[in-house]
Amino acid sequence: MRIRTVLTAAAAAGTVAVVAAAPAQAAEYSSALKIKGVQYDAPGRDSNSCTKGNTKNEYLTIKNYSRSKVNLKGYVVKDAAGNRFRFSANHYLEPGDYVSLRGGKGTDSDAKNVVYRQNCNFIWNNDKDTIYLYKPSGARADVHAYTKSRDDRDGNGYITYHG
């Protein structure tokens with residue numbers, strides 16, 4: 001009864017507040033680095049073989065949207081299941097520059113804007129997933145949830161977030 005009385009009084013006073021949880025992808029974080037896009041479904045039939053597989057064709061693009069050079073060292077990328085990659089080496093992004101974080105094994109290159117996860121397993125689900133980017137401090141830098149049916153209208157396995 002007490003709750004009903006309080007709600008009735010608040011409604012009569014015109015002060016009803018609605019509290020709703022916003023979806024994770026709706027939040028905008030203050031960060032120099034943001035997720036530009038993701039090739040969540042590598043072209044062809046999925047194969048995580050390190051020698052003949054296509055995990056290198058699954059990648060996440062992170063872009064520096066600031067006016068200053070940013071070092072990726074310490075940034076962490078995670079998915080909804082807790083799979084994670086930590087940038088452990090220095091990798092500098094100039095303003096407007098980007099890096100492709102690719103699956104598979106390879107040689108990281110500042111010149112070619114690529115970092116490899118050194119893991120031949122796929123990280124992103126082909127139907128739906130959530131991508132988290134964390135700053136070295138542990139603060140969230142960016143997050144995006146996707147579903148294939150909602151976000152990949154052309155069916156090419158790539159979704160753009162920040163242009």
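Here the structure is a predicted model, which means the values were calculated and not measured.

Draft legend 1. Fine view of the packing of aromatic side chains. If you walk through the whole model with that rule in mind, you get 4 aromatic pairs. Residues tyrosine 40 and tyrosine 146 carry aromatic rings whose centres are separated by 4.8 Å and whose planes lie at 40° to one another, so their mutual orientation is tilted. With tyrosine 40 in the loop between β1 (33–39) and β2 (59–64) and tyrosine 146 in strand β10 (residues 140–147), this residue pair connects regions lying 106 residues apart in the sequence. A ring pair is formed by phenylalanine 85 and phenylalanine 87, whose centres lie 5.0 Å apart and whose planes are at 85°; its orientation type is edge-to-face. Taken as a pair, phenylalanine 85 and phenylalanine 87 share a single burial class, namely buried. One residue, lysine 69, lies across the ring of tyrosine 92, its end atom 5.3 Å from the ring centre. Against the face of tyrosine 59 rests arginine 102, its NZ or CZ located 4.4 Å from the ring centre.

Draft legend 2. Representation of the pairing of β10 in the model. Buried residues dominate β10, accounting for 6 of its 8 residues. Pairing between strand β9 (residues 128–134) and β10: 7 bridges, direction antiparallel. Bridge assignment links lysine 128 to a residue of β10, and that residue is threonine 147. Hairpin connection of β9 to β10: 5 residues between the antiparallel strands, including glycine 138 at a positive phi of 100°.

Draft legend 3. Quick look at the pattern of salt bridges. Counted according to the given criterion, the structure contains 3 salt bridges. In this structure, aspartate 41 engages lysine 148 in a salt bridge whose closest nitrogen and oxygen atoms are separated by 4.0 Å. With aspartate 41 in the loop between β1 and β2 and lysine 148 in helix α2 (residues 148–151), the pair connects residues that are 107 residues apart, well separated along the chain. The exposure class of lysine 148 is partly exposed, given its relative accessible area of 36%. In this structure, the salt-bridge partner of arginine 150 is aspartate 151, at a minimum N-O distance of 2.8 Å. According to the relative accessible area criterion, arginine 150 is partly exposed, its value standing at 39%.

Draft legend 4. Region of interest: the side chain of histidine 144. As for its placement among the helices and strands, histidine 144 is situated in strand β10. Reaching out from histidine 144, the side chain makes a polar contact with the side chain of aspartate 142 at a distance of 3.2 Å. Polar contacts involving the side chain of histidine 144 include one to the side chain of histidine 162, which spans 3.3 Å.

About the cut-offs
- By convention here, each chain's residues receive numbers from 1 onward along its written sequence.
- This being a predicted model, a pLDDT of at least 70 is required before a residue's local features are given, and a value of 80 or more before pairs of side-chain atoms are given or counted; all residues contribute to the totals for chains, interfaces and linings.
- Only hydrogens and water are set aside when side-chain values are computed; all heavy atoms of the structure are taken into account.
- Only the six-membered ring of Trp is used, alongside the rings of Phe and Tyr, when aromatic pairs are assigned; centres must lie within 6.5 Å, and planes under 30 degrees apart are stacked while those over 60 apart are edge-to-face, with the rest tilted.
- Helix numbers and strand numbers start at the N terminus; a helix is a DSSP run of H or I with at least 4 residues, a strand a run of E with at least 2.
- Type-normalised accessible area, obtained with a 1.4 Å probe on protein chains alone, sets the label of each residue: buried when under 20%, exposed when over 50%, and partly exposed for intermediate values.
- Two conditions define a charge located above a ring, namely a distance within 6 Å from the ring centre to NZ of Lys or CZ of Arg, and an angle within 35 degrees of the ring normal.
- Criterion used throughout: strands pair if DSSP finds at least two bridges between them.
- Every case where a carboxyl oxygen of Asp or Glu lies within 4 Å of a side-chain nitrogen of Lys or Arg is listed as a salt bridge.
- Under this definition, polar contacts are N or O atom pairs within 3.5 Å; protein pairs additionally need one hydrogen-donor-capable and one acceptor-capable atom, and for neighbouring residues in sequence, both atoms have to be side-chain atoms.

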